[in-house]
Amino acid sequence: MSRPTTRNKNKRRKPVDDADATCEIFRKIHTTGKVTDDDVNHLYMICKPVCQGCRVNTKDNPNCFCGLIPPPNGSRKNGLWQKMSEIIQALGPDPSKDLRASVSSPAGLTNLGATCYASSILQCLYMNKLFREGLFCVEEGVLKQHAVLDQLARLFAQLHASKMAFIDPAPFIKTLELDNGVQQDSHEFLTLLLSLLERCLSHSKVSKARTIVQDLFRGSVSHVTTCSKCGKDSEASSKMEDFYELELNVKGLKTLDESLNEYLSIEELDGDNQYFCESCNMRVNAIRSIKLRSLPDVLNLQLKRYVFLPKTTAKKKISSAFAFPGELNMHGRLSETSQVDLVYDLSAVLIHKGSAANSGHYIAHIQDENTGQWWEFDDEHVSNLGYHPFGEGLSTSTKATRTESVYTPCGEGMDASANGNHFETIQPQHAGPSMNHVEIFSSTDAYMLMYTRRHGNKDVKRVAGSDGPTNMEIEGDAFFLQDGISLPSHLSEEIKNLNASYVVACEEFKLKKDRELDHITTRRQEVRSVLSEAPVQSVEEPFYWISTDWLRLWADNVNPPVLDNTPIQCSHGKVSVSKVGCMKRLSTVSWTKLFSKYDGGPRLAKDDHCIDCLMDMAHTVVCADSYRDRRTLMREIAENVLAGKCLDGNYYVSKPWLQQWVKRKNLDKPSEADSGPTSSIRCLHGHLQPEQAPGAKRLLIPENLWLFLYGDSITVKTDDPLGCPTFPSDSEDCPECSNELSEVACFEDSIRAVKLKQRQNHEKLANGKSIPLSLNCKYYLVPSSWLSKWRNYITASGKNTTSVEPEILDGIVNSLKCEKHLRLVERPPKVFYKRGSYFQKGSITDRLTIITENDWKCFCEEWGGLEEKGISAVIEENNLAGSCEEISTCVDQLAPNNEANNENDLRQPVIRTCPEICEECIGERESCELMQKLNYSDGDIYVYLVRGKEAPKSILEASETSEPDRRISKRSRRTNNGNLVNFKVSASTSVYQLKMMIWESLGVVKENQILHKGSRIIDQECATLADMNIFPGDKLWVKDSEIHEDRDIADELSDQKMNVQSVEEGFRGTLLTANISSQVV
């Protein structure tokens, strides 16, 4: 059975085969001098079949139109074939998406950054029908006098009758001079706002508006103190105080009933807290309590979830569950019996989401008085909750408030400790079957409760037909709604204009979108139609040539440019054969459509092939064949020259250049790399450079090879003024360059001899070996930096022979003496005793190095020093019985190296220098260095997280000594023992801040961090890094004690931010704390 074919019938031929066939045609044209139709068809690829199903558009087939557009269900990132959704998105935001869902659906308020606290309170005030109606009754003149009232009325009017789903409160927030980037307390905002509105509304002559704040929100209480002996109340007890909200404790309490009982509870005054009774004229026991004298129509209950922590002087939020009823009967809590019905219905719940006191997010759940439905107001987003404050579902959680609705038994066994917001339906035990159920709600985030007094028999659960859309009508100069609230004429006109402009914007966007989509659809149909008719099926049919680049622009762009065929034109105005890969054969029908619509040109038809270009190309091909053959022959000769097989050389060329020339592939014509075969062997004087010079290696080549290379070089560099210098075999080396090379060689030989002699004179110093020191012998001190530079100089060899010479020794020695006292300004190095001799302890890290007297004398001869000006040093045993004032010493407490040497290691050598040490100048310098070290900023320190009982020795050693010059990766990387992290710190960075950085990067809780520098523990969080001697380049290590539980770093950052502010600003500096209202200027 034969194997089935899997090849496409349009299998492409190899490019090599096509190139060979094309060259044969050009050779034939050059030979005959004629161009046939078959030649044109082949050279312009006219005879190639029409492509079908290629992935991409092929350049070597003018009949291929594949890949110019995506498949039917495909798309591209931009242009005409972009996804429709992305094209619509590019038009800008669609204003119709901001359209209010229905007239009965409330509008939201835009969050300007951190203004959710204000938005929630404003929604609570707006949803109160009586307050809204009273504000709309304020006279226009009063509104103009008080900017706060004016902007609040405008904001409420937009919430009342605007067609938009959310309103921008920026004008009102700006009028209050609030910082929209700072989160504030909603309770404080409500208190100050009501006070400000009360002052502003007092100027109104409309009684309904003038006292609307007092009528709705003001109640009265009195603080009653009663003497236990005479039973009389104090004089202050009869004084009544106004309140606009009751602040109730939450800590340790589970229900609203318990909080109200605690608020109205009796306090006993006894012991040191006794009360002075004026009637008894003595200090007596007494009782004190708060009495509710009158209650407002809207009862605001502030739940005190934030408590003050004396130790940290910060606030903390109480997140325990708190239960409150949907119906609140306050009749029994009034101090005096009232004839007024004091049953309140829950109308709003203000919720604070978040664990920190100074952050989080405020939302409000508010009941619509007309429909009885609850709405969630979360800035711009408003959601319908049905007839329950936390949603209709009894067992599903609402994502926005993390709530869960449950039913549990009533009474004291009620579960108020569960997380989230819950509602329950309970019935008192003594209730009969006809009594209504009472709903109990439980929340961990409820921050403020608003109850509205019930007037008459009110059922908050409306019938199904009552919650339909509220129709809005226009009568005269005002908007009238079904709830009876109307807008003033000036506000109604403003709202009408805003709604009209909004409708116009929506219509304009819709027209713009429809126009754009219609245009794109039409263009796509046009492109598909033209391309479907574009292929020319036979060679005999008439056709037109078109530029592929323009065709791509036309097929990809929504608005294509004018038709442009100039890129495929030759200098004779015809179709260039060299551009055959950049053009397509287009049918007459498709060309007519494109040319009639996009104009441009020029027309390039079937017969517009250029004979002159074909003849020139044929000549070029034949010349290229000849050049390629000659170059192949010359390469063989060059290979023989490089192999040493050709001995009849007549001209010099650069050997490296010829080696590279041979490696290059065979070309049809000379290239840039073929220039300058002798440029590297030509000296600055224009002569042949000596072969000893760097890069001047050369070879002799035959004359025929030279003439070929010379001709290519001249052809490539026709404008080179130096041309291609010719150096026959009898050319002599440049005498000037030869002399210079001789002098340099002699100089280098002498330098090498000097270095060799110095290495022999100072064998141990040159090799970096320690010199054994003896007592009472004279030595000399030289700077370690100078000695290191000298060592690098004398040991340099090969290409590093040009290392920098060390400075003159006399000047170096003078720099070690202070100008004021001519004493030594460096401390002598430390020495230690080992195996019968003394050795310098750290010659690499010390600033000075001890050398022998012989080494010093040789250095003076070699590097221009004076023996008598040297700094001498003598090592003596320390005489503990006495001391000499003029002797400066450096005492080193020795550490034992092993058991056998403990006795000898207790020797304490003393180094006596001449001149002696200048303690005054050294102290000043060290003070300056310390100050510079303590004032660093933006430095790098490194912290290892150690896993295990003890830190490895390598980490301890790295912690003890800092190496700031050593390069360490600044990214967190894992080592065998833990993680290594880099931190940017300053001298003023505190240890606490560093621990917070470690917490964030390594995940170790601050309290669990045991931070070390070497073996020393860093535990003073208030101290700065400079105080703890932590400097750039230091390597610290930290262990995790795992004592405290993991917690979120966000809580710590919030508390830290609160602690930084020693005094809370609150609303200081805003209009809410001003004594007078803002006037319109």
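Let me sum up the structure you'll find in this document. Here the structure is a predicted model, which is why all the values come from computation and not from measurement.

Attention shifts here to the overall build of the protein. When its secondary structure is counted, the protein shows 28 helices and 41 strands. Expressed as a percentage of the 1081 residues in the protein, the buried residues total 43%. Pairs at least 24 apart in sequence give 70% of the contacts found in the protein among residues at least 6 apart. Just so you have it, the protein exposes about 58,400 Å², and 50% of that area is on carbon and sulfur atoms.

The two faces of a sheet get side chains in turn, since along a regular strand they alternate between them. The element strand 34 (residues 871-877) is extensively covered by neighbouring structure, given that five of its seven residues are classed as buried. Of the pairings in the sheet, the one linking strand 30 (residues 778-783) to strand 34 comprises four bridges and is antiparallel in character. Each bridged residue has a counterpart across the sheet, and for Leu-781 the counterpart in strand 34 is Ile-871. Inspection of the sheet shows strand 34 paired to strand 35 (residues 909-914) by six bridges, in the antiparallel sense. Among the inter-strand pairings, Ala-873 is bridged to a residue of strand 35, identified as Thr-913.

Attention now moves to the sheet that holds strand 3 (residues 219-227). By way of backbone hydrogen bonds, the strands of a sheet pair with one another, either parallel or antiparallel. Pairing is antiparallel across the open sheet formed by four strands, whose spatial order is 4-3-9-6. Of all the strands in the sheet, just strand 4 (241-243) and strand 6 (267-269) have a single pairing partner and so form its edges. Neighbour-to-neighbour, the strand axes of the sheet open up by a mean angle of 35 degrees, direction not taken into account. Bridge count for strand 3 against strand 9 (residues 286-294) is eight bridges, and the pairing is antiparallel. The residue of strand 9 that forms the bridge with Val-221 is Leu-292.

Reading across from one edge, 33-30-34-35 is the order of the four strands in this open sheet, with antiparallel pairing throughout. In this open sheet, the two strands that pair with only one neighbour each are strand 33 (848-852) and strand 35. On average, each strand axis in the sheet is tilted by 40 degrees relative to the strand beside it, whichever way the strands run. Contacts from helix 21 (residues 784-795) reach strand 30 and strand 33, with the element oriented near 80 degrees to strand 30. Contacting strand 30 and strand 33, helix 23 (residues 853-863) runs over the sheet at an angle of about 100 degrees to strand 33.

Considering all chains together, one arrives at two cavities of 30 Å³ or more under this definition. As a volume, the largest cavity reaches approximately 150 Å³. Residue lining of the largest cavity: 15 residues in total, with Asn-128, Ser-347, Gln-367, Glu-369 and Thr-452 positioned closest to the centre. Within the residue set of the lining of the largest cavity, elements represented by two or more residues are strand 15 (343-353), strand 16 (361-367) and strand 23 (446-453). Broken down by element, the lining of the largest cavity gets its largest block of residues, four residues, from strand 15. Of the residues assigned to the lining of the largest cavity, the class counts are seven nonpolar, four polar and four charged. Approximately 40 Å³ is the volume attributed to the second largest cavity. Taken together, Leu-109, Cys-116, Ser-119, Ser-120, Gln-123, Phe-377 and Asp-379 form the lining of the second largest cavity. A total of four residues in the lining of the second largest cavity trace back to one element, the largest contributor, which is helix 4 (residues 116-126). Looking at the lining of the second largest cavity residue by residue, the classes come out as three nonpolar, three polar and one charged.

Attention shifts here to unusual backbone geometry. The residue after Gly-601, namely Pro-602, is reached through a cis peptide bond having omega 0 degrees. Topologically, Pro-602 is positioned in the loop between helix 15 (588-598) and helix 16 (611-642). Cis geometry marks the peptide bond from Cys-914 to Pro-915; its omega dihedral reads 0 degrees. As for its placement among the helices and strands, Pro-915 is situated in the loop between strand 35 and helix 25 (919-934). Phi at Asp-599 takes a positive value of approximately 55 degrees, unusual for a residue other than glycine.

A separate point is the packing of helix 16 against helix 18 (residues 703-716). It is at 10 Å that the axes of helix 16 and helix 18 come closest, and there the two elements cross at 130 degrees. Considering their axes alone, helix 16 and helix 18 lie oblique with respect to each other. The hand of the helix 16/helix 18 crossing is left-handed. For the pair helix 16 and helix 18, the contacting residues are Tyr-627, Arg-630, Arg-631, Met-634, Ile-637 and Ala-638 in the first and Asn-704, Leu-705, Phe-708 and Asp-712 in the second. Residues that form the contact of helix 16 with helix 18 fall into these classes: six nonpolar, one polar and three charged.

Once that is clear, we can look at the nonpolar core. If you look at the biggest cluster of nonpolar residues, it comprises 63 residues, and the most contacted ones within it are Leu-125, Phe-131, Phe-156, Phe-172, Leu-176 and Phe-189. When residues of this core are assigned to their parent elements, the largest contribution, nine residues, is made by helix 7 (residues 147-161). When residues no more than four places from it in sequence are discounted, the contact partners of Leu-125 are Phe-131, Phe-156, Leu-190, Leu-193, Leu-194 and Phe-217.

Another aspect to go through is the state of the cysteines. Under the criterion given, the structure shown has zero disulfides. No disulfide involves Cys-277; its sulfur sits 3.7 Å from that of Cys-230, the nearest cysteine.

Moving on: the packing of aromatic side chains. Under the counting rule described, the total for this entry stands at 26 aromatic pairs. Consider the rings of Phe-131 and Phe-156, whose centres lie 6.2 Å apart with planes at 70 degrees: the pair is edge-to-face. Remark: Phe-156 occurs in helix 7 and Phe-131 occurs in helix 5 (residues 129-136); sequence separation between them is 25 residues. On the basis of relative accessible area, Phe-131 is assigned to the buried category, the value being 1%. Taken together, a centroid distance of 6.4 Å and an interplanar angle of 15 degrees make the contact between Trp-550 and Trp-554 stacked. Of this pair, Trp-550 and Trp-554 both sit in helix 14 (residues 548-556), four residues apart, roughly one helical turn. Each member of the pair, Trp-550 as well as Trp-554, carries the same accessibility label: buried. Sitting over the face of the ring of Tyr-126, Arg-132 holds its NZ or CZ atom 4.5 Å from the ring centroid.

A large share of strand 15 lies buried, amounting to eleven of its eleven residues. As judged from the three bridges shared by strand 14 (residues 327-329) and strand 15, these two strands associate in the antiparallel manner. By the bridge assignment, Leu-328 is partnered in strand 15 with Tyr-344. Relative to strand 23, strand 15 runs antiparallel, the two sharing seven bridges. Bridge assignment links Leu-346 to a residue of strand 23, and that residue is Tyr-451.

We now examine the environment of Leu-491. Mapped onto the fold, Leu-491 is located in helix 13 (residues 489-532). Classification of Leu-491 as buried rests on a relative accessible area of 2%. Distance from Leu-491 to Ala-153, taken between C-alpha atoms, is 8.2 Å for residues 338 residues apart in sequence. The contact partners of Leu-491, leaving out residues within four places of it in the chain, are Phe-136, Ala-153, Arg-154 and Ala-157.

Thresholds applied
- Residues numbered from 1 in each chain as written.
- Predicted model: local features only at pLDDT ≥ 70, side-chain atom pairs only at ≥ 80, totals over all residues.
- Heavy atoms only, no water.
- Helix = DSSP H or I, 4+ residues; strand = E, 2+ residues; numbered from the N terminus.
- Buried < 20%, exposed > 50% of the residue type's maximum accessible area, 1.4 Å probe, protein only.
- Contact = heavy atoms within 4.5 Å.
- Areas by Shrake-Rupley, 256 points an atom, 1.4 Å probe, with all protein chains shown as cover.
- Pairing = 2+ DSSP bridges.
- Axes fitted to C-alpha atoms, helices over the stretch in contact; angles between N-to-C directions.
- 1 Å grid on protein atoms, 1.4 Å probe; cavity = no way out; pocket = protein on both sides within 12 Å on 5 of 7 lines; lining within 4 Å.
- Points joined across faces, edges and corners; volume = space filled by probe spheres on them.
- Nonpolar A, V, L, I, M, F, W, Y, C, P; charged D, E, K, R; others polar.
- Parallel < 35°, antiparallel > 145°, perpendicular 65-115°, else oblique.
- Left-handed = near helix turned anticlockwise from the far one by under 90°.
- Core = buried A, V, L, I, M, F, W, Y, C linked by side-chain atoms within 4.5 Å.
- Disulfide = S-S within 2.5 Å.
- Phe/Tyr/Trp six-rings, centres within 6.5 Å; stacked < 30°, edge-to-face > 60°.
- Lys NZ or Arg CZ within 6 Å of the ring centre and 35° of its normal.

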